[in-house]
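Read off the chains here:
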Amino acid sequence: MERGSSGSGGVLLHLDVHVDEEKPSLGILELLDTLRPQWKTKDIQMKASGSYNCLIKCNVFTEGITNRLTGCYVGSLQEPGCCVLVRIYGRNTELYVDRQREVEMFQVLQAHGCGPLIFCTFHNGICYEFVRGEVLDDQLLRQPSIYRLIAAEMGRIHSIKPQNGQPAEALLWSKMSHLLTLVKNNIGECADNQSPQDVPGLPSLQVLSDEMETLKRHLSDTFSPVVLCHNDLLTKNIIYNHKEGTVKFIDYEYADYNYQAFDIGNHFNEFAGLSDMDYSRYPSRELQREWLTAYLESYSQATGRPASATEGEVTTLYIQASNFYWGLWAILQSHFSSIDFDFKRYAMDRLNFYFKKKGAYFKLTEAVCGNHHNSGMVKVNFIEEEQEV
């Protein structure tokens, strides 16, 4: 057993344990022996991904496309504080996920009442508090009472200031550049220099590299504040508690300071779905306006800064940056991940949509780049994806 310090200033327990991804029960019991010594092994229940015979009851617990998650509890899963979540990191995710930074984000968000308590780290994962409620689906995401809660929660998180009091730098370009480098180094291109080997049919790596620079140039003409972002707010990372009337965000692998408009635009992209992406489900103009009204009310209350809904339309180019970023990510995942998910198809969907809408989005962004640099809030225009822009 060790104790290690995190960047948030706290001291976090680190356990000298490695949990086997395929047969995790013994490693998990070793973790629980320290975290919950009062629990008797015969009473412990687990809900986990995967199927294998063990002396502990195993069922499907939750979906995930990066890591494997197991819920461990005695008694009722929904009793406060009764469940420990054990997350085993996905294969080779350390190449593009800063695990120390993830722990820091856990602690920062927990300190501000926006995230669960983290109990410990171990060699290939973390243990943390179970957030009670239900994981959102595509239908719940569109319910006004729920998406307003999501908007308000994002506003609160975006108001969290860097601990050192210094202006934060957006991670978007360094992360995107790192992903592209990993794709080049680990996958490479076909002999005809047309597309990454693992995902045929996509543009060549040179085209993707040039496109990233094009995005960067265009975004330099827009403005968005740099705030603390979740950066991966898909439905499975949002927990809705109907009884308490709250939502909480989970999974902070990609959480860090980034462009405010990227976090909002990225979430709007997730309305299209994950395994069956359909951009006709992209939020309508009316839904965007209501969502942004709730967001700005929350953000303004948390920061003490007045804002109006008309200032908050989301920059279309940041939406495109989201598509491009996750397209690169999915190419890399298709090469490394052992999770049962069609990453190749996901990469194709994201990048094909990016290139389909690229010209129209760039024109719309240029039309609104005017004098909003000093507005304090990004100036944007609404997009309805079921229509031609």
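Nothing here was measured: the structure is a model prediction, and the numbers come from that model.

A. Up close: helix α7 (residues 260-269). Of all ten residues that make up α7, ten are buried, and the element is covered over most of its length. Buried within α7 are the following residues: Gln260, Ala261, Phe262, Asp263, Ile264, Gly265, Asn266, His267, Phe268 and Asn269.

B. Quick peek at the packing of helix α6 (residues 205-219) against helix α9 (residues 316-336). The geometry of α6 relative to α9 is characterised by a closest axis approach of 11 Å and an angle of 155 degrees between their N-to-C directions. The orientation of α6 relative to α9 falls into the category roughly antiparallel. Judged by the twist between their axes, the crossing of α6 over α9 is left-handed. Here Leu208, Glu211, Met212, Leu215, His218 and Leu219 of α6 lie close against α9, whose contacting residues are Leu317, Tyr318, Ala321, Phe324, Leu328 and Ile331. Residues of the contact of α6 with α9, tallied by class, amount to ten nonpolar, one polar and one charged.

C. Structural view of the pattern of salt bridges. The final tally for this structure, using the stated rule, is 17 salt bridges. In this structure, the salt-bridge partner of Glu253 is Arg87, at a minimum N-O distance of 3.8 Å. Taken together, the residues span a long stretch of sequence, with Glu253 in the loop between β11 (246-249) and β12 (256-259) and Arg87 in strand β5 (residues 83-88) at a distance of 166 residues. Look at Glu253 and you get buried, because its relative accessible area is 8%. Its salt-bridge partner being Arg99, residue Glu102 comes within 2.9 Å of it at the nearest N-O pair. Separated by three residues within a single helix, Glu102 and Arg99 lie in helix α2 (residues 99-111), roughly one turn from each other. We classify Glu102 as buried; its relative accessible area is 1%. For Arg99, a relative accessible area of 13% puts it in the buried group. When salt bridges with common partners are traced through the structure, they connect Arg87, Arg99, Glu102 and Glu253 into a single cluster.

D. Region of the structure containing the side chain of Arg87. Residue Arg87 is classed as buried on the basis of its relative accessible area of 2%. Within polar-contact distance, the side chain of Arg87 engages the side chain of Glu102 at 2.4 Å.

E. Representation of α2 within the structure. Taking 1.5 Å as the rise per residue, α2 with 13 residues should run 18 Å; its terminal C-alpha atoms sit 18 Å apart, in good agreement. Buried within α2 are the following residues: Arg99, Glu102, Val103, Glu104, Met105, Phe106, Gln107, Val108 and Leu109. Between the side-chain oxygen of the N-cap and the backbone nitrogen of Gln100 there are 3.2 Å, and the N-cap of α2 in question is Asp98. A positive backbone phi angle near 75 degrees is found at Gly113, which sits one or two residues after α2.

F. Region of the structure containing empty space enclosed by the protein. What the rule picks out here adds up to six cavities of 30 Å³ or more. Space inside the largest cavity adds up to approximately 50 Å³. Lining the largest cavity are Leu171, Leu172, Lys175, Asn231, Tyr254, Asn258, Phe262 and Tyr325. Counted by class, the lining of the largest cavity contains five nonpolar, two polar and one charged residues.

G. Here's a closer look at the pairing of strand β7 (residues 125-129). Burial of β7 is extensive: four of the five residues sit out of reach of the surface. Note: β5 against β7, five bridges, orientation antiparallel. Note that in β7 the partner of Ile88 across the bridge is Gly125. Alignment of strand β6 (residues 118-122) against β7, held across four bridges, turns out to be antiparallel.

H. Structural view of the packing of aromatic side chains. If you walk through the whole model with that rule in mind, you get 19 aromatic pairs. Members of the aromatic cluster, connected to one another through ring pairs, are Tyr254, Phe262, Tyr325, Trp326, Trp329, Phe341, Phe343 and Tyr346. Taking the ring centre of Trp39 as reference, the NZ or CZ of Arg36 above it sits at 5.8 Å. Looking at Arg36, its charged tip hangs above the ring of Phe119, at a distance of 4.8 Å from the centre.

Cut-off values and rules
Residues numbered from 1 in each chain as written. Predicted model: local features only at pLDDT ≥ 70, side-chain atom pairs only at ≥ 80, totals over all residues. Heavy atoms only, no water. Buried < 20%, exposed > 50% of the residue type's maximum accessible area, 1.4 Å probe, protein only. Helix = DSSP H or I, 4+ residues; strand = E, 2+ residues; numbered from the N terminus. Axes fitted to C-alpha atoms, helices over the stretch in contact; angles between N-to-C directions. Parallel < 35°, antiparallel > 145°, perpendicular 65-115°, else oblique. Left-handed = near helix turned anticlockwise from the far one by under 90°. Contact = heavy atoms within 4.5 Å. Nonpolar A, V, L, I, M, F, W, Y, C, P; charged D, E, K, R; others polar. Salt bridge = Lys/Arg side-chain N within 4 Å of Asp/Glu carboxyl O. Polar contact = N/O pair within 3.5 Å; in protein donor to acceptor, adjacent residues only side chain to side chain. Expected span 1.5 Å × (residues − 1). 1 Å grid on protein atoms, 1.4 Å probe; cavity = no way out; pocket = protein on both sides within 12 Å on 5 of 7 lines; lining within 4 Å. Points joined across faces, edges and corners; volume = space filled by probe spheres on them. Pairing = 2+ DSSP bridges. Phe/Tyr/Trp six-rings, centres within 6.5 Å; stacked < 30°, edge-to-face > 60°. Lys NZ or Arg CZ within 6 Å of the ring centre and 35° of its normal.

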